[in-house]
Protein chains: 2
Amino acid sequence: MYAAIAGVIGLLFAGYLAMSVLKEDQGTQRMKELSQAIFEGAMAFLNRQYRTLIPFAVIIFGALLYGNWGNQKLAWGQAISFLVGASFSAVAGYVGMTIATKSNARTTAAAMRGLNEALSVAFRGGAVMGMSVAGLGLLGVSVLYIVYQDAVIINSFAFGASVIALFARVGGGIYTKAADVGADLVGKVEAGIPEDDPRNPAVIADNVGDNVGDTAGMGADLYESYAATTIAAMLIGVTVFPGRLEGIFYPLLIGAAGLIAAIIASFFVRTTEDGNPQMALNKGLWGTNVLTAVATYFIAQSLFADIPASSAFPSGVPLGLTISVIAGLLVNVAIGWITEYYTSYNYKPAQHIASSSLTGPATNIIAGIGVGLKSTALPIIVIVIAIAVSYNYAGIYGIAMAAMGMLCTAGMVVAIDSFGPVADNAGGIAEMAELGPEVRKKTDKLDAVGNTTAAVAKGFAIGSAALTALALFTAFAEEVIKSPGVSSALHGGHLVLNLLEPKIIIGLFIGGTVPFLFCAFAMEAVGKAAFEMIGEVRRQFREIPGLMEGKAKPDYARCVDISTRAAIRQMIAPGLLAVITPLIVGFGFGAQALGGMLAGVTVAGVLLAIFMG
Amino acid sequence: MYAAIAGVIGLLFAGYLAMSVLKEDQGTQRMKELSQAIFEGAMAFLNRQYRTLIPFAVIIFGALLYGNWGNQKLAWGQAISFLVGASFSAVAGYVGMTIATKSNARTTAAAMRGLNEALSVAFRGGAVMGMSVAGLGLLGVSVLYIVYQDAVIINSFAFGASVIALFARVGGGIYTKAADVGADLVGKVEAGIPEDDPRNPAVIADNVGDNVGDTAGMGADLYESYAATTIAAMLIGVTVFPGRLEGIFYPLLIGAAGLIAAIIASFFVRTTEDGNPQMALNKGLWGTNVLTAVATYFIAQSLFADIPASSAFPSGVPLGLTISVIAGLLVNVAIGWITEYYTSYNYKPAQHIASSSLTGPATNIIAGIGVGLKSTALPIIVIVIAIAVSYNYAGIYGIAMAAMGMLCTAGMVVAIDSFGPVADNAGGIAEMAELGPEVRKKTDKLDAVGNTTAAVAKGFAIGSAALTALALFTAFAEEVIKSPGVSSALHGGHLVLNLLEPKIIIGLFIGGTVPFLFCAFAMEAVGKAAFEMIGEVRRQFREIPGLMEGKAKPDYARCVDISTRAAIRQMIAPGLLAVITPLIVGFGFGAQALGGMLAGVTVAGVLLAIFMG
C-alpha cells in the first residue's frame with residue numbers, strides 16, 4: 001500500500017512537472033513549427049510502433065491464458081498482469097515523449113533568458129518521463145500484488161514490460177542511429193554544413209531520433225529492468241523468508257524510497273549563469289543516492305530487526321540488506337565515473353582515439369575498437385564486487401537487493417537521461433531558427449552535458465541489467481524446481497547447472513551467440529536504413545534547386561519516413577530472436593540447457609553491450 | 001611406439017620436402033636479394049622473440065620444479081616435459097620459417113615455367129612447417145609418454161607449447177598487421193601505388209609479416225592445440241577406461257593416422273596450367289580427411305572391440321569413437337565452407353560489405369562489424385552439434401576425440417596455411433623484381449587461394465581451440481578432484497560447477513572479460529605500431545628524393561625494425577594477462593571460480609575470435 005501511494009505521488013509529481021513546463025513560452029512562430037514537426041514525427045513513430053506490437057501482445061495474452069487454462073486464477077492473473085505491464089509501458093512512453101518533445105522549443109526560449117531557466121525547463125521536461133517510468137512501474141507491481149497476493153502471477157507484469165522494452169529499444173535505436181549517421185555523413189562530412197543546419201533534409205529525423213532512442217527507448221528499457229528486478233526480488237524473498245511477507249515488501253519499499261528521494265532531489269537541480277549544468281544534474285543524482293541509502297537502513301530495521309543473524313546474513317538481516325542496497329547505489333556511482341572516463345574528451349581514451357585519427361579512418365577504427373574492448377574490464381570488476389559483497393552479507397536475496405538498489409533510482413536516472421534529447425533538440429531548434437550564437441552557446445552547454453548523461457544512462461542500463469539478470473536467473477531456478485521433469489537436475493531439492501555437463505556448455509555457447517547475432521541484426525538494420533538515408537539526403541542536395549543557398553526547403557518528411565519505416569520493419573527480427581531462442585532451447589533441450597543459455601546470454605550480452613556503448 | 005615412429009616419418013618427410021625445395025632455382029640476382037631480405041627479417045624477428053621468451057621459460061621451469069619438489073619424479077618430469085614442449089615449438093618455428101622464406105623466390109622462378117610447378121614449390125615450402133608441427137608434436141608426446149608413462153606429467157609438454165604459442169601468435173599477429181596496415185594505407189590508399197610496389201618502404205616488412213604471422217604464429221598455435229588435445233584425451237582416457245591403456249593409446253594413434261594420411265594426401269596436390277589451385281589444395285585436405293576417417297575405424301576396432309556397449313557408449317566403443325573422430329573431421333569441412341562463405345568475394349557477405357562502402361567508411365564499418373558479428377552463429381552451431389553427437393556416442397571421451405579428429409589433420413592444415421605466405425611473397429617478389437604480368441598472373445592466382453586458405457586455417461584454429469578447451473576443461477575437472485580443499489565442491493566424488501552459485505558466475509564474468517581485454521591489448525599494439533609505421537612510410541616518401549620516381553631505394557630496414565620492436569615489446573602485456581588471470585582467480589577464489597572463469601574465457605574467446613576473424 002505504501003509503495004502504491006509512492007507510485008501515485010510520483011505520477012502526481014509528473015503531472016505537476018508537465019503542467020509547469022507547458023506553461024512556459026514557446027518562442028517564435030518558427031520555433032513552434034520546428035517543435036511541432038519533431039513532436040509529430042515522434043508521435044507518428046510511437047503510434048506505428050505500438051500498433052505493430054499489438055498482434056504480438058494478443059498472441060502472448062492468448063498463450064498465457066491457454067497455457068495455464070487448468071488454473072483459472074493463474075491464467076487470468078498472468079494474462080492481465082502482462083497486459084498491464086505492456087500498456088503501462090506504452091502510457092509512460094506516450095506521456096513522457098509528449099512532454100519531452102513539447103519542451104524543446106520552450107528550452108530554447110528559456111535559453112534566451114538564462115542558463116538556469118533553460119536547464120530547469122529541459123530537466124522538468126525530461127523528468128516527466130522519469131517519474132512516469134518509476135511511478136507506473138511501482139504502482140503496477142504493488143497494485144497487482146495487492147490484488148493477486150502472488151509474485152509468480154504478477155511476474156507477467158515484467159514480461160509485458162519486457163516485450164515492449166525489447167522492441168522499443170531496438171526500434172528507437174535503429175531510428176536514431178540511421179537518422180544520425182545519415183544526417184552527419186552527408187551534412188557535416190560531405191556538404192560541410194553545421195550540425196542541425198536547416199538545409200539538411202535529415203535534420204528533423206535526427207531530432208526525432210534523439211527522442212525515440214534516448215527517451216522512449218531508454219525509458220521502456222529501465223521500466224522493464226525496474227519491474228523485473230522488483231518482482232525477482234519479491235520471488236526470492238518468498239523463499240528466503242518463508243512464512244513472512246517482509247521479503248516481498250522490502251523491494252517495494254526500496255522502490256518507494258528511491259522514487260520519493262528522486263522527487264526531493266529534483267529540487268536540487270539548479271545552476272548559476274556561469275555554472276556547470278553537469279554539477280546541477282549530479283546534485284540530483286547524488287541527492288537521490290544519499291537519501292535512498294539513509295532510508296534503506298530504517299526500512300530494513302523496521303521490517304527485519306527481529307530476525308537473528310544466520311549463515312546467509314552473517315551481520316544480521318537489517319545491516320546485510322542495507323549493505324546490499326548501498327552496494328547497488330555505489331555501482332551506479334562507479335559506472336557513472338567509468339562511463340565519463342571512457343566517453344568524455346577530458347580523459348585519455350577519447351583523446352587517444354582522436355589522435356589515432358590523424359593517420360586516417362583505419363587507425364581511428366582500430367583505436368576505437370581497442371578502447372571499446374578495454375572499457376569492459378572496469379564495469380565488470382565493479383559488478384563482480386557488488387555481487388560478492390551483497391552475496392556475502394545477504395545471500396542470494398542480497399544480489400537481488402543490490403539490483404534493486406541500482407534500479408530504485410531509475411526515476412532520477414531516466415529524468416537526467418531524457419534531459420539529453422530535450423537539450424539536444426533545443427540546440428537544434430536554436431540553429432534552425434537562426435537565433436544567434438549567444439543562445440546556441442547556452443544550449444550547446446546543455447547539449448554537451450546531455451551527451452554525457454545519455455552515455456551514463458546507457459552504462460546504468462547495462463550494469464543494472466546484469467544484476468537484474470542474475471536476480472531473474474535465481475528466480476528462474478526457484479521456479480524450475482517446481483516444474484515436472486527436472487528431478488534429474490536436482491541435488492537435494494536444489495537445481496544444479498553443472499558447467500561440466502555438455503548440455504550446460506551447449507546452452508552456454510548458444511546463449512553467448514545470441515547477443516552477437518542480435519547485435520548483427522541491429523547493426524545491419526542501421527546500416528541499411530543509413531544507406532537509404534544517405535542516398536535520400538544526397539538526392540535532395542542534388543535535385544532540389546536552391547537548397548544549399550537556403551532559398552528552398554528540404555523535404556524533411558521523407559527522411560522521417562525512411563527512419564520510421566526502417567525502424568518498424570527491422571525491429572522484428574532481433575526481437576523475435578530474443579523471444580524465440582529461449583523457447584527452442586528450453587523445449588528442445590530442457591531446463592538445464594536453458595539455464596546454461598541464460599548464463600551465456602548474460603555474460604556475452606553485458607560484455608558486448610559495454611563494448612558497443 | 002607406433003606414434004613415435006609416425007612422428008619420425010613426418011620429420012623425415014619434412015626433411016625430404018625441404019631438400020627438394022632447396023634444389024629449385026632461385027631466379028635472378030634481384031629475386032635472390034629480395035628473398036634473402038625477407039629471410040633475414042623473419043629470422044631476426046624469431047631470434048628476438050625466442051630470446052625474449054627465455055626468461056619466462058626459465059621462471060616456469062623453476063616454478064614447476066619448486067612446486068612439486070616433494071615428488072622428484074613429478075617435478076623433473078613436468079619441468080623437462082615443459083622444456084621439450086617449448087623447445088620443439090621453437091625448432092618447428094625455425095625449420096618451417098627457414099624453408100618457407102627460402103621458397104618464395106623459388107616459387108616465383110617456378111611460376112615462370114608453369115602454374116603447377118609454382119604450386120608445387122609453394123606447397124612443399126609450406127608443408128615443411130606442417131610436417132614439422134605435427135611430427136614434433138606427435139614425437140614429443142609419445143616419447144615423453146614412453147619415458148614417464150604418466151599423462152599428468154607430460155601435460156607440461158602442452159604447457160610449454162602453450163607459452164610459446166601465446167607469445168608467437170600475439171607477436172606475429174602484431175608484426176603482420178602493423179606492417180600490413182602501414183604498407184597498404186600509405187602505399188595503396190594515399191600514394192596510389194600497387195601492392196608490393198618496391199617503392200613502398202614497408203613492403204619487405206609486409207612480406208616478413210605474412211611469414212611470422214601466418215606461418216610461425218599459426219604453426220605454434222596449432223602445435224599447441226595438437227599437443228594439448230592429445231594429452232587431454234589421454235588424461236580423460238585414463239579415467240574412462242580404468243585399468244586399461246587403450247584410452248591413452250587411441251588419441252596417439254589417431255594423431256599418427258592423421259599424419260600419415262597427410263603425407264599420402266600431399267601427393268594429391270597438383271594442378272594443370274588452367275586449373276584452379278584451390279582444387280589442388282582441397283584434394284590434399286579431403287584426402288587427409290577421408291584416409292583418417294577410414295583408419296580411425298580400424299584403430300578403434302583393434303583396440304576396443306572387446307569392451308561392451310555402456311551408457312557412455314550406447315552403440316559400442318569402436319563405433320562411438322569412430323563417430324566422434326569423424327564428427328571432428330566434419331567440423332573441419334563445415335568450418336572450411338563457412339569461412340569461405342563469409343570471406344570470399346563470391347558470396348553475399350563480402351559483396352554486402354563492398355556495396356555498403358559506396359556511402360563511405362562509416363557504412364563500410366557498420367556493415368563489416370555486422371557481418372563479423374553474424375558470422376559467429378554458424379560455426380557455433382557446428383561446434384555445438386559436434387559436442388552433442390560425440391557426447392551422445394562416446395561420452396566425455398568422445399568430445400576429446402572429436403577435438404582430436406579435428407587436430408589430427410593439423411599437418412595438412414598447417415601445410416596449406418603456410419602455403420599462403422609463400423605464394424603471397426612470391427607475388428611480392430615478382431612485382432618487386434618487375435617480372436612482367438604473365439608471371440604475376442600466376443602468382444596472383446596462388447596468392448588469392450592463399451588468402452582463402454589462411455582464413456580457413458584461422459577458422460580451423462578457432463574451432464579446434466573450442467573443442468580443445470572443452471577437453472582440457474574436463475581434464476581440469478578430473479585433476480581438481482584429486483586436489484586438497486575442494487571437497488565442498490564435490491557431489492559424490494564429482495566436481496560440480498553450479499552456475500547458480502555466485503562464485504561461479506563471478507568466475508564466468510571475469511573469464512568472459514579476459515578475451516575482450518586481450519583483444520584490446522592486441523588492437524592497441526597494432527594501432528600504435530601501425531601509427532608509427534604510417535609516420536615512417538610518409539616520412540620516407542616525403543624526405544627521400546627520387547623515391548616515387550623509382551630513382552632512389554627506400555629504407556626497408558627501418559620499417560622491418562619498427563614492426564619487430566613493436567611486436568616484441570607489445571606481446572608481453574596480453575601474454576601476461578592470459579597467464580596471470582587464472583592464477584589470481586584460482587588462488588584468490590578457489591578451484592570453482594577458476595572453473596567458471598575457464599568456461600567464460602572459452603565462450604567469449606571463441607565468439608570474439610570468430611568475430612575478429
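Cut-offs used in this document
- Residues numbered from 1 in each chain as written.
- Chains lettered and ligands numbered in written order.
- Predicted model: local features only at pLDDT ≥ 70, side-chain atom pairs only at ≥ 80, totals over all residues.
- Heavy atoms only, no water.
- UniProt positions renumbered as here; feature names shortened; annotations may be inferred.
- Helix = DSSP H or I, 4+ residues; strand = E, 2+ residues; numbered from the N terminus.
- Rg over C-alpha atoms; globule rule 2.2 N^0.38 Å.
- Buried < 20%, exposed > 50% of the residue type's maximum accessible area, 1.4 Å probe, protein only.
- Contact = heavy atoms within 4.5 Å.
- Areas by Shrake-Rupley, 256 points an atom, 1.4 Å probe, with all protein chains shown as cover.
- Lys, Arg positive; Asp, Glu negative; His and termini not counted.
- Charge placed at Lys NZ, Arg CZ, Asp CG, Glu CD.
- Core = buried A, V, L, I, M, F, W, Y, C linked by side-chain atoms within 4.5 Å.
- Least-squares fit on C-alpha atoms with pLDDT ≥ 70 in both.
- Axes fitted to C-alpha atoms, helices over the stretch in contact; angles between N-to-C directions.
- Parallel < 35°, antiparallel > 145°, perpendicular 65-115°, else oblique.
- Left-handed = near helix turned anticlockwise from the far one by under 90°.
- Nonpolar A, V, L, I, M, F, W, Y, C, P; charged D, E, K, R; others polar.
- Expected span 1.5 Å × (residues − 1).
- Bend = angle between axes of the 7 residues up to and from the residue.
- Polar contact = N/O pair within 3.5 Å; in protein donor to acceptor, adjacent residues only side chain to side chain.
- Salt bridge = Lys/Arg side-chain N within 4 Å of Asp/Glu carboxyl O.
- Buried area = accessible area lost by both parts, 1.4 Å probe.
- Phe/Tyr/Trp six-rings, centres within 6.5 Å; stacked < 30°, edge-to-face > 60°.
- Patch = residues over 30% accessible without salt bridge, like charges linked within 9 Å, V, L, I, M, F, W, Y side chains within 5 Å.

- Going by the annotation in an unreviewed UniProt entry, the name recorded for chain A is Putative K(+)-stimulated pyrophosphate-energized sodium pump, with Heliobacterium mobile given as the source organism.
- UniProt lists a comment for chain A under the heading Subunit (unreviewed entry), and it reads "Homodimer."
- Checking UniProt for chain A, the heading Catalytic activity (unreviewed entry) contains the comment "Na(+)(in) + diphosphate + H2O = Na(+)(out) + 2 phosphate + H(+)".

### Focus on the overall build of chain A
Thinking step 1. Summing up its helical and strand segments, chain A has 18 helices and two strands in all.
Thinking step 2. Taken over the C-alpha trace, chain A has a radius of gyration of 24 Å; the compact-globule value for 613 residues is 25 Å, and the two agree within 12%.
Thinking step 3. The principal-axis extents of the C-alpha atoms in chain A amount to approximately 80 × 50 × 50 Å.
Thinking step 4. Across the 613 residues in chain A, those meeting the buried criterion constitute 63%.
Thinking step 5. Long-range pairs, those at least 24 residues apart, make up 82% of the contacts in chain A between residues at least 6 apart in sequence.
Thinking step 6. For chain A, the accessible surface area stands at approximately 21500 Å², while carbon and sulfur atoms represent 66% of it.
Thinking step 7. Charge separation in chain A, taken as the distance between the mean sites of 35 positive and 39 negative side-chain charges, equals 2 Å.

### A few points about the nonpolar core
Thinking step 1. Core analysis: the largest hydrophobic core is formed by 435 residues, its most contacted members being Y250 of chain A together with Y250 of chain B.
Thinking step 2. Not counting the four nearest positions on each side in its chain, Y250 of chain B is found in contact with T296, I299, A300, L303, F304, L321, T322, V325, Y397 and M401 of chain B.

### Digging into the UniProt feature "site: Determinant of potassium dependence" (unreviewed entry) in chain A
Residue and element names in this part refer to chain A.
Thinking step 1. The UniProt entry lists A454 under the feature "site: Determinant of potassium dependence" (unreviewed entry), expressed in the numbering used here.
Thinking step 2. Here A454 shows up in helix α14 (residues 437-482).
Thinking step 3. For A454, a relative accessible area of 8% puts it in the buried group.
Thinking step 4. Aside from chain neighbours lying at most four places away, what touches A454 is D214 and D417.

### Points about the relation of the copies chain B and chain A
Thinking step 1. Least-squares fitting of chain B to chain A yields an RMSD of 0.0 Å, with the superposition described by an axial translation of 0.0 Å and a rotation of 180 degrees. The relationship between the two copies is best expressed as a two-fold rotation axis. Distance from the rotation axis, computed per C-alpha, reaches its smallest value in chain B at N498 of chain B: 2.3 Å.
Thinking step 2. Mapped onto chain A, 100% of the interface residues of chain B are again interface residues, and the two copies thus contact each other with one and the same surface.

### Notes on the packing of helix α5 (residues 151-191) of chain B against helix α6 (residues 203-240) of chain B
Residues and elements named next belong to chain B.
Thinking step 1. Following both chains from N to C, one finds α5 and α6 inclined at 160 degrees, their axes separated by 7 Å at the closest point. Judged by the angle between their axes, α5 and α6 are roughly antiparallel. Between α5 and α6 the crossing geometry is left-handed.
Thinking step 2. Each residue belonging to the contact of α5 with α6 can be placed in one class, and the counts come to 22 nonpolar, seven polar and six charged.

### Brief notes about helix α5 (residues 151-191) of chain A
Helical periodicity: at 3.6 residues per turn, an α-helix aligns residues three or four positions apart in one direction.
Residues and elements named next belong to chain A.
Thinking step 1. For α5, with 41 residues, the first-to-last C-alpha span of 57 Å sits near the 60 Å given by 1.5 Å per residue.
Thinking step 2. Along α5, the sharpest change in direction is near 30 degrees and occurs at D184.
Thinking step 3. Sitting at the amino-terminal end of α5 is D150, which places a side-chain oxygen 2.9 Å from the backbone nitrogen of V152.
Thinking step 4. Within two residues after α5, G192 carries a phi angle of roughly 70 degrees, on the positive side.

### Observations regarding the side chain of S225 of chain B
Residues and elements named next belong to chain B.
Thinking step 1. As for its position among the elements, S225 is in helix α6.
Thinking step 2. Given the relative accessible area of 3%, S225 is considered buried.
Thinking step 3. Apart from residues no more than four positions distant in its own chain, S225 is found in contact with L407, S464 and T468.

### Here's the deal with the pattern of salt bridges
Thinking step 1. Here the structure, examined in full by the defined rule, presents 44 salt bridges over all chains.
Thinking step 2. Among the ionic pairs, E246 of chain A bridges to R244 of chain A, the shortest N-O distance being 3.2 Å.
Thinking step 3. Notably, a salt bridge pairs R169 of chain B with D221 of chain B, separated by 2.7 Å at the nearest N-O pair. You can see R169 of chain B sitting in helix α5 and its partner D221 of chain B sitting in helix α6, a full 52 residues away along the chain.
Thinking step 4. On the basis of relative accessibility, which here comes to 15%, the residue D221 of chain B falls in the buried class.
Thinking step 5. Several salt bridges share partner residues, and in doing so they unite E536, R539, R542, E543 and R558 of chain A into one network.

### Description of the interface of chain B and chain A
Thinking step 1. Taken together, the contact between chain B and chain A spans 67 residues of the former and 67 residues of the latter.
Thinking step 2. Of the roughly 5900 Å² buried at the junction of chain B and chain A (both faces included), carbon and sulfur atoms supply 85%.
Thinking step 3. Taken together, the links from chain B to chain A amount to two salt bridges.
Thinking step 4. K374 of chain B serves as the salt-bridge partner of E524 of chain A, at 3.1 Å between the closest nitrogen and oxygen.
Thinking step 5. The dominant element in the side of chain B that touches chain A, judged by the number of residues it contributes, is helix α15 (residues 502-543) of chain B, at 22 residues.
Thinking step 6. For the side of chain B that touches chain A, a count of residues per class yields 50 nonpolar, 14 polar and three charged.

### Some words on the environment of F521 of chain B
Thinking step 1. Looking at the secondary structure, you find F521 of chain B in helix α15.
Thinking step 2. Aside from chain neighbours lying at most four places away, what touches F521 of chain B is K374 of chain A together with A573, P574 and L577 of chain B.

### Quick notes on the packing of helix α8 (residues 277-304) of chain A against α14 of chain A
The angle between the axes and the distance between the axes are what describe a pair of packed helices.
All names here are of chain A.
Thinking step 1. Their axes nearest at 9 Å, the elements α8 and α14 cross at an angle of 45 degrees. As summarised for this structure, α8 and α14 are arranged oblique, according to the angle between their axes. Listed contacts from α14 to P277, Q278 and L281 of α8 are K445, L446, V449, T452 and T453.
Thinking step 2. For the contact of α8 with α14, the residue count by class is four nonpolar, three polar and one charged.

### Topic: unusual backbone geometry
Thinking step 1. Within the chain, D196 of chain A stands out as a residue other than glycine whose phi angle is a positive 60 degrees.
Thinking step 2. Looking at the element boundaries, D196 of chain A is found in the loop between α5 and α6 (203-240).
Thinking step 3. With a phi angle near 50 degrees, E434 of chain B is a residue other than glycine that sits in the positive phi range.

### Thoughts on the environment of G15 of chain A
Residue and element names in this part refer to chain A.
Thinking step 1. In this structure, G15 sits in helix α1 (residues 2-22).
Thinking step 2. Looking at G15, the relative accessible area reads 31%, which means it is partly exposed.
Thinking step 3. Spatially, the C-alpha atoms of G15 and A63 are 36 Å apart, while their sequence positions differ by 48 residues.

### Quick notes on the packing of aromatic side chains
Residues and elements named next belong to chain B.
Thinking step 1. Per the stated rule, a full pass over the model turns up 34 aromatic pairs over all chains.
Thinking step 2. Aromatic pair F241 and Y397: ring centres 5.3 Å apart, planes at 85 degrees, arrangement edge-to-face. Of the two residues, F241 sits in the loop between α6 and α7 (246-265) while Y397 sits in helix α12 (residues 377-407), which places them 156 residues apart along the sequence.
Thinking step 3. On the basis of relative accessibility, which here comes to 4%, the residue F241 falls in the buried class.
Thinking step 4. Aromatic side chains F473 and F476 sit 6.2 Å apart centroid to centroid with 5 degrees between the ring planes, which places their arrangement in the stacked category. Residue F473 and its partner F476 are located together in helix α14 (residues 437-482), separated by three residues, close to a single helical turn.

### Focus: a nonpolar patch on the surface
Residues and elements named next belong to chain A.
Thinking step 1. A surface patch of nonpolar side chains, amounting to about 740 Å² of accessible area, comprises W286, V290, V294, Y297, F298, L319 and W337.
Thinking step 2. For the nonpolar patch, the secondary structure elements donating two or more residues are α8 and α9 (317-343).
Thinking step 3. The greatest single-element share of the nonpolar patch, amounting to five residues, is contributed by α8.
Thinking step 4. Take V294: it is sitting in helix α8.

### Considerations on the environment of T409 of chain A
Residue and element names in this part refer to chain A.
Thinking step 1. On the secondary structure map, T409 appears in the loop between α12 (377-407) and α13 (410-432).
Thinking step 2. C-alpha of T409 to C-alpha of K188: the two residues are 221 residues apart in sequence and 37 Å apart in space.
Thinking step 3. Once you skip the residues sitting within four places of it in the chain, T409 turns out to touch T288, N289, L329, N332 and F460.
Thinking step 4. One polar contact links T409 to N332, side chain to side chain, over a distance of 3.2 Å.

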